[in-house]
Amino acid sequence: MAAAAAPAAAAAAPAASSEAPAATATAEPEAGHEDHREVRVLQSLRGKICEAKNLLPYLGPNKMRDCFCTINLDQEEVYRTQVVEKSLSPFFSEEFYFEIPRAFQYLSFYVYDKNVLQRDLRIGKVAIKKEDLCNHSGKETWFSLQPVDSNSEVQGKVHLELKLNELITENGTVCQQLVVHIKACHGLPLINGQSCDPYATVSLVGPSRNDQKKTKVKKKTSNPQFNEIFYFEVTRSSSYTRKSQFQVEEEDIEKLEIRIDLWNNGNLVQDIFLGELKVPVNVLRSDSSHQAWYLLQPRDNGNKSSKTDDLGSLRLNICYTEDYVLPSEYYGPLKTLLLKSPDVQPISASAAYIFGEICRDKNDAVLPLVRLLLHHDKLVPFATAVAELDLKDTQDANTIFRGNSLATRCLDEMMKIVGGHYLKVTLKPIIDEICESSKSCEIDPIKLKEGDNVENNKDAPTIRTLTLISKTIQTLGSWGSLSKSKSSFKETFMCEFFKMFQEEGYIIAVKKFLDEISSTETKESSGTSEPVHLKEGEMHKRAQGRTRIGKKNFKKRWFCLTSRELTYHKQPGKDAIYTIPVKNILAVEKLEESSFNKKNMFQVIHTEKPLYVQANNCVEANEWIDVLCRVSRCNQNRLSSYHPSAYINGSWLCCQETSENAVGCKPCTAGVPADIQIDIDEDRETERIYSLFTLSLLKLQKMEEACGTIAVYQGPQKEPDDYSNFVIEDSVTTFKTIQQIKSIIEKLDEPHEKYRKKRSSSAKYGSKENPIGKTS
């Protein structure tokens, strides 16, 4: 019936209000026109490390552990939680978000036991293939911890070439010779935070032989260039008379394989296994030459079975996204439709409201919508309209804006974006003091640990301390409406605790503060604007001067970036050692690993000598490059070209120019498009909205059917069904908007599908981009 009713709504649609949104006529790329601009592939990871439980206790009398958790892209650590002391069920409750700047195979979470005197002990891990991340998106899940085996901790790929030659010996007999050319490796892991010293062993393995050779050790590199060739005698004719260690008949070629093992040279300590690959010699059956990239694999016993039930488990919430951001003109129709939302009557028939309705269970759905509307100064009228709709439907004054509605979510995300700087300026010093202090404020009897009490508690997590502080401030703000009895408090223990703060001065101060920040009156400016704090953290920088022995070294420094300047310090809170005004930054670019044999390096090019910096991981390096580029993007004298390598020993390593002032040999990266503001990439936000629309097409279809049903029966359904969750005030206008959304999504599907096909066909199996061993 609903399907039959849809045409009725369609027929009625032309008579809809003139306020209804219409698809824009923004020019799109012509049909058949090949757009040569690069599609941006952007990956991000958002989620929460919730808690672990039932971890293995120590065997001794002190069974408790001091635990923390890390997030790793393959073997590279990119995030670490705070340490939770003396617990076998640590409660972390740490949210994370970061952009992923490189390809990866596994996302792993490691649970560690902190050790002061020795290396931290890895208790267990959760490893998820990139292809499987979508199965856990947006859901809190308990994962069983798996054992950590050093033979299974591998990453990187190897470029290999095999040839089979026929040789005629001095006495006229024919011999087959296998030529193994190990060319290079890429993406080997860091060892103890530094690039490894890799070498490879090359073996020809068969039923009755194991002939092994070894490459030279390459120092301090994760991308070694070996370019070494090894020769193996494979078969000999039956007339071959010389006695040999191996008597291999020609038919045994099918049973032979080449094995490559990668190792880190430990010098005085044991060498570390980095991975292996096995290639059967019969790949040369149809061709005398074979060349390909291979992913390194764990050892045969790397996935050995082990008892995993007694290692414990970890509760995680993971949301991984991979967006293909097209050139801007593709998004014109969808952006225009969304930006007209505040003017649509009723607001529930707008594209933005419909998007919030069908994506209501998606935690990340509102964020791109808020950013897009905020970017075009449309958020306030839209939030006002949806808030009025909430007020109209509210039955109890005590529940106003208490639910998880579109209005409350929009306001929440807007406050995070707009109020971030204000919170840093006002709260950061006191929050830092709380985090650095071991003093606890735990007063909930249920949450007290064994042996602790309310009066003397020193071991509760910092996050609990912050929660109790926020509860206290919230209660002070609403003190006038409380009846001062235990029944007025959600938690009864807060009533006794709050008596410590019942002084009139506290209550008046909090009320005054709340009145001021909620006032619509414009306050006079003080005449001075504080610089916006953007980012800070510990990294290594190359010394600007020379040491006594004439060699520049790297030193650990604390970096701080504001909207005015980039500084570095010996320690947090100390005076700046060096300052670069933001207006003097000419470019910020990655630095090739070959410059100093160090990964994750970037350079800040300014009016003096370039500053070379090494971040702790690829995510951190990407974040620093991004924020530095954005804050200096409008500088007048920005460079158009740069040197991707360093100037060492009188020449640039990249182009061999001897002049230190030589013009760059490579164009500067454009980064985000030039029309994007410092904080919002509207093309990416629109792409995210498109992706969420495509994931919610089933709900959109149900909403369309509901509009058709209502239009036929001239009123809402009386019986509860799938449609009762939708807010539909004007079925005709809503139906028309849904039709426009579907039409725009279908048009956007075409370039996306075209790009996916081009991407899959362009990366040949066995190429560096699509190595053998990669799961699809």
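What you see is a predicted model; the values in this text were computed from it and never measured.

## A closer look at the overall build of the protein
Looking only at helices and strands, one finds 14 helices and 27 strands in the protein. Taking contacts inside the protein between residues at least 6 apart in sequence as the whole, the part at least 24 apart equals 67%. On the protein, roughly 42400 Å² of surface is accessible, and the fraction owed to carbon and sulfur atoms is 50%.

## Remarks on the pairing of strand β5 (residues 106-113)
With respect to burial, β5 is a largely interior element, seven of its eight residues being buried. Taken together, the seven bridges between strand β2 (residues 67-73) and β5 define a ladder with antiparallel strand orientation. Following the sheet pairing, leucine 73 is matched in β5 by leucine 107. For β5 and strand β6 (residues 121-129), the ladder comprises eight bridges, and the chain directions are antiparallel. Paired with tyrosine 112 across the two strands is arginine 122, which belongs to β6.

## Remarks on the sheet that holds strand β10 (residues 198-206)
Read across the open sheet, the four strands follow the order β11-β10-β13-β14; overall the sheet is antiparallel. Strand pairing shows two members of the sheet lacking a second neighbour, β11 (209-214) and β14 (272-280), which therefore form its edges. Taking the axes of each pair of neighbouring strands and ignoring which way they run, one obtains an average angle of 20° across the sheet.

## Examining the packing of aromatic side chains
Taken as a whole and judged by the stated rule, the model has 15 aromatic pairs. A centroid spacing of 5.4 Å and a plane angle of 50° characterise the contact between phenylalanine 559 and tyrosine 568, whose relative ring orientation is tilted. Per residue, the accessibility class of phenylalanine 559 equals that of tyrosine 568, and both read buried. Ring plane angle 70° and centroid distance 6.4 Å describe the contact between phenylalanine 559 and tryptophan 624, whose orientation is recorded as edge-to-face. Taken together, the residues span a long stretch of sequence, with phenylalanine 559 in strand β18 (residues 554-562) and tryptophan 624 in helix α11 (residues 618-632) at a distance of 65 residues. Accessibility assignment for this pair places phenylalanine 559 and tryptophan 624 in one class, buried. Each member of the aromatic cluster is reached from another via a ring pair, and the members are Tyr79, Phe96, Phe98 and Phe109. Taking the ring centre of tyrosine 58 as reference, the NZ or CZ of arginine 65 above it sits at 4.4 Å.

## Section: the nonpolar core
One broad trend across soluble globular proteins is that nonpolar side chains are buried collectively. Core analysis: the biggest nonpolar cluster contains 53 residues, and Leu338, Phe355, Leu369, Phe382, Phe693, Ile741 and Leu748 have the highest contact counts within it. The element best represented in this core is helix α14 (residues 731-762), accounting for seven residues. Leave out the neighbours within four places in its chain, and leucine 748 touches Leu326, Tyr330, Tyr331, Leu334 and Tyr690.

## A short note on the pattern of salt bridges
Tallied over the entire structure, the rule returns 23 salt bridges. A salt bridge links arginine 315 to glutamate 51; its shortest N-O distance comes to 2.6 Å. Of this pair, arginine 315 sits in strand β16 (residues 313-325) while glutamate 51 is found in strand β1 (residues 40-53), placing the two residues 264 residues apart along the sequence. Here arginine 315 matches glutamate 51 in class, with each residue buried. The shortest N-O distance in the salt bridge between glutamate 153 and arginine 122 comes to 3.8 Å. One end of the pair, glutamate 153, is in the loop between β7 (139-144) and β8 (157-168); the other, arginine 122, is in strand β6, and 31 residues separate them in sequence.

What counts, and where the lines are drawn
Residues numbered from 1 in each chain as written. Predicted model: local features only at pLDDT ≥ 70, side-chain atom pairs only at ≥ 80, totals over all residues. Heavy atoms only, no water. Helix = DSSP H or I, 4+ residues; strand = E, 2+ residues; numbered from the N terminus. Contact = heavy atoms within 4.5 Å. Areas by Shrake-Rupley, 256 points an atom, 1.4 Å probe, with all protein chains shown as cover. Buried < 20%, exposed > 50% of the residue type's maximum accessible area, 1.4 Å probe, protein only. Pairing = 2+ DSSP bridges. Axes fitted to C-alpha atoms, helices over the stretch in contact; angles between N-to-C directions. Phe/Tyr/Trp six-rings, centres within 6.5 Å; stacked < 30°, edge-to-face > 60°. Lys NZ or Arg CZ within 6 Å of the ring centre and 35° of its normal. Core = buried A, V, L, I, M, F, W, Y, C linked by side-chain atoms within 4.5 Å. Salt bridge = Lys/Arg side-chain N within 4 Å of Asp/Glu carboxyl O.

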